[in-house]
Structures are given as structure tokens and as C-alpha cells.
Amino acid sequence: MGFSPSFSCSAMGALILGCLLLQASNSNAQLRPDFYFRTCPSVFRIIGDTIVDELRTDPRIAASILRLHFHDCFVRGCDASILLDNSTSFRTEKDAAPNKNSVRGFNVIDRMKSAIERACPRTVSCADMLTIASQISVLLSGGPWWPVPLGRRDSIEAFFNLANTALPSPFSTLTQLKAAFADVGLNRASDLVALSGGHTFGRAQCQFVTPRLYNFNGTNRPDPSLNPTYLVELRQLCPQNGNGTVLVNFDPVTPNAFDRQYYTNLRNGKGLIQSDQVLFSTPGADTTTLVNQYSSNTFAFFGAFVDAMIRMGNLRPLTGTQGEIRQNCRVVNPRISVVENDDGVVSSI
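Residues numbered from 1 in each chain as written. Predicted model: local features only at pLDDT ≥ 70, side-chain atom pairs only at ≥ 80, totals over all residues. Heavy atoms only, no water.

## Describing the overall build of the protein
Line of reasoning, step 1. A count of helices and strands for the protein gives 14 helices and four strands.
Line of reasoning, step 2. Counting over 349 residues, the protein shows a buried share of 52%.
Line of reasoning, step 3. Taking contacts inside the protein between residues at least 6 apart in sequence as the whole, the part at least 24 apart equals 74%.
Line of reasoning, step 4. Carbon together with sulfur atoms contributes 52% to the accessible area of the protein, which is approximately 15,500 Å² in total. (Helix = DSSP H or I, 4+ residues; strand = E, 2+ residues; numbered from the N terminus. Buried < 20%, exposed > 50% of the residue type's maximum accessible area, 1.4 Å probe, protein only. Contact = heavy atoms within 4.5 Å. Areas by Shrake-Rupley, 256 points an atom, 1.4 Å probe, with all protein chains shown as cover.)

Quick look at the structure:
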């Protein structure tokens, strides 16, 4: 099921709020799904309305928001550090190689935050907002719903260097992928295979595809795991020495739907980027069994995806008095200093 303009986001918000009450007991001690039930009950509706509105003109936005959340969580946990612009104190993660001219959706996040601040000032963190937005993006695209544990706070710094090293590459081998996931605490094969299923919708740039088509691993030949017919199709879309920013659907069958087609594509040699296809084509890999399972069983895929998303969302959260709740997701809140002049008058600057 893809996005339908007739979908009622208000009804979706009511459904989610009702489910939150039922699911709250399943959360951990730090984060809980009903965190904003009293302080900002409209948060789900506002986020959902914003995404629904954007989907009318940008069918990529749901996948882009999910990717933004993934790239945030893999760098020091889900703390919205990826949303910060450059400052005099740090360099933005947006400039890191895996993100530059690649991650997108920041203007949509800005609109969400402005609407939430009007409704519930200084209450909802950007980290939680991005986490909720990723869940609703999946739901609107035909994927599962799950109770999102909430209560994160926002980082007051960005981590440019870590973003360059922690995020998996589209050219990664299976061994490299497993190491990258294990480094952040996602050490189960199901975490890797299920979260990779996020590529069941969205687009990738040709620059991340062409090495497989013409000069795989320096052989001057295509990747042998590529389906020959798919190879011809991709070479038409991404000619050698062509425009590397041209976009290609991750899933050529149902490009905007969150479904299990991604895994069927892998079984048919139609994984778009190397780090997808290696999940199935690496000899003797334990991930192959999971690809087979998820390709034939939507329930199994959705269940594993939800479990992995909750695990990823719980990576090193800032809670309590850690971090802050940013009023603008792009910048750290102004620091307020209290000073006393020679006459004993106290003021803030």
C-alpha cells in the first residue's frame, strides 16, 4: 500500500494516541510512548499533517525522513545532532561525506518544529520529533505502526568526524556492515537485515551505483551478483561518466511503498547498491536466511523492523537534564548568563 491522499491524518493521530495508552507499559524505564500525552497531545497530529502535506508534492519525503533518523541515530545516538547547522563551536554533520548533498528533508523538519512550538512551546525535543516522524513516514507508506518510546533530549553539539566514520557505506561488504552496526550496539543479524529493508522505498544517486556497473572492485567488469537484465536497465539510467546525482529507485517494482519487495529484489539480483545485495549474495552468510524469510512473509519483516527500530531509537538517549529541548532544530538554544553589576543589580545576558 502506498500513500493515499484520502488518508485521514487526524484519524491516524487519534489511533496513535489511543494505542499509546495501551502500549505504555511496554516501554523501558527511561523512554515511554506516552511521554507527551499530557504536555503535548497534538504532537502526532502535527507531525502527521506536515508529512501528509509534503507527500502531495514530494513522494520521496517519507523515505528521506526515515534515512535522516537512521543517520542521526548512528552518530552518538538519536539526539538530533544531524539537524544542527554549522556554528563557531562545531562543524555540522551535514557536511560529512555520507550526508553532504545526500540527506534531505530539513525544511520539512523546520515546519514541524515551528508548528509544535506554537502548540507546545519548549516541550518536544527535535530528537523525539524526528523519531515520531520516521514512524509516521513508514506508516503512511504502507508499513507497520509501533509504539515509539519517547523522552529524548537534544544534543548541544554535532559530531562531524564521527559521522564520517560511523555511518555504513553503500560500498560496504557484509563484514564491514556487521562491524558498523555492532559498533553502535546493533549486533544481531536481524537488526542489519531488517533496517536495511528501509531501502524498500526511496532513491539513491547514480554515483553510489555506477562502480557496480562498470568497474566493480577494480575489475573493469560489473558486479557478478547483478541480474543481467537489471544491469542493462541501470546502465541506461546511470551511464558511465554520466551525471552522478541522477536518482534511481531503490525498488523498481513498488518505489514508494513500504513492503517486502526489497527482499524479493535481492533474491533476484536486483539490489541497487552493493551494501544491499551483499545481504543475500555473500556465500555462507547468515543474512541470506533472513532475506528469504522476509521476502516471503510480510509479518516477519514488519515485526523484525519494528523491533530493530525500537532498539536503534534507544541508542544512548539523552534524558532527564542531559542536553536540551531545542526551540529551533538547526541551532543550540541561546545560553543565558546571570550577571551582577557594581550596584548589585542582577540581569541576564
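## Topic: the environment of Asp-307
Line of reasoning, step 1. With respect to the helices and strands, the residue Asp-307 is situated in helix α14 (residues 298-313).
Line of reasoning, step 2. Asp-307 gets classed as partly exposed once you look at its relative accessible area, which sits at 35%.
Line of reasoning, step 3. Between the C-alpha atoms of Asp-307 and Asp-191, which are 116 residues apart in sequence, the distance is 8.0 Å.
Line of reasoning, step 4. Reaching out from Asp-307, the side chain makes a polar contact with the side chain of Arg-188 at a distance of 2.5 Å. (Polar contact = N/O pair within 3.5 Å; in protein donor to acceptor, adjacent residues only side chain to side chain.)

## Overview of the state of the cysteines
Line of reasoning, step 1. With the rule as written, the count across this model stands at four disulfides.
Line of reasoning, step 2. With a sulfur-sulfur separation of 2.1 Å, Cys-40 is cross-linked through a disulfide to Cys-120. Note on the Cys-40 and Cys-120 pair: the S-S dihedral is about 80 degrees, so by sign convention the disulfide is right-handed. Of the two residues, Cys-40 is situated in the loop between α1 (9-23) and α2 (43-55) and Cys-120 in the loop between α4 (106-119) and α5 (126-140); the sequence distance between them amounts to 80 residues. (Disulfide = S-S within 2.5 Å.)

## Some thoughts on the environment of Leu-186
Line of reasoning, step 1. Along the chain, Leu-186 falls in the loop between α7 (174-183) and α8 (189-196).
Line of reasoning, step 2. Taking C-alpha positions, Leu-186 is 7.2 Å from Met-312, a pair spaced 126 residues apart along the chain.
Line of reasoning, step 3. The residues touching Leu-186, leaving out its near neighbours within four places in the chain, are Phe-74, Phe-181, Asp-191, Leu-195, Arg-311, Met-312 and Leu-315.

## Thoughts on the packing of aromatic side chains
Line of reasoning, step 1. This structure, assessed with the given rule, holds 16 aromatic pairs.
Line of reasoning, step 2. Following the ring pairs from residue to residue traces out a cluster consisting of Trp-146, Phe-201, Phe-258, Tyr-262, Tyr-263, Tyr-294, Phe-301, Phe-302 and Phe-305.
Line of reasoning, step 3. Lying over the aromatic face of Phe-159, Arg-76 brings its terminal NZ or CZ to 4.3 Å of the ring centre.
Line of reasoning, step 4. Over the face of the ring belonging to Phe-106 we find Lys-94, whose NZ or CZ atom lies 4.2 Å from the ring centre. (Phe/Tyr/Trp six-rings, centres within 6.5 Å; stacked < 30°, edge-to-face > 60°. Lys NZ or Arg CZ within 6 Å of the ring centre and 35° of its normal.)

## Notes on the packing of helix α13 (residues 287-296) against α14
Line of reasoning, step 1. For the pair α13 and α14, interaxial distance at closest approach is 5 Å and the crossing angle is 115 degrees. Residues Gln-293, Tyr-294 and Ser-296 of α13 form the contact with α14, whose own contacting residues are Thr-298, Ala-300, Phe-301 and Ala-304. (Axes fitted to C-alpha atoms, helices over the stretch in contact; angles between N-to-C directions.)

## Points about unusual backbone geometry
Line of reasoning, step 1. With phi around 65 degrees, Ala-80 is a residue other than glycine that occupies positive phi space.
Line of reasoning, step 2. Summarising the element assignment, Ala-80 is placed in the loop between α3 (61-73) and α4.
Line of reasoning, step 3. When its relative accessible area of 0% is taken as the criterion, Ala-80 is described as buried.

Geometry only, nothing functional implied.
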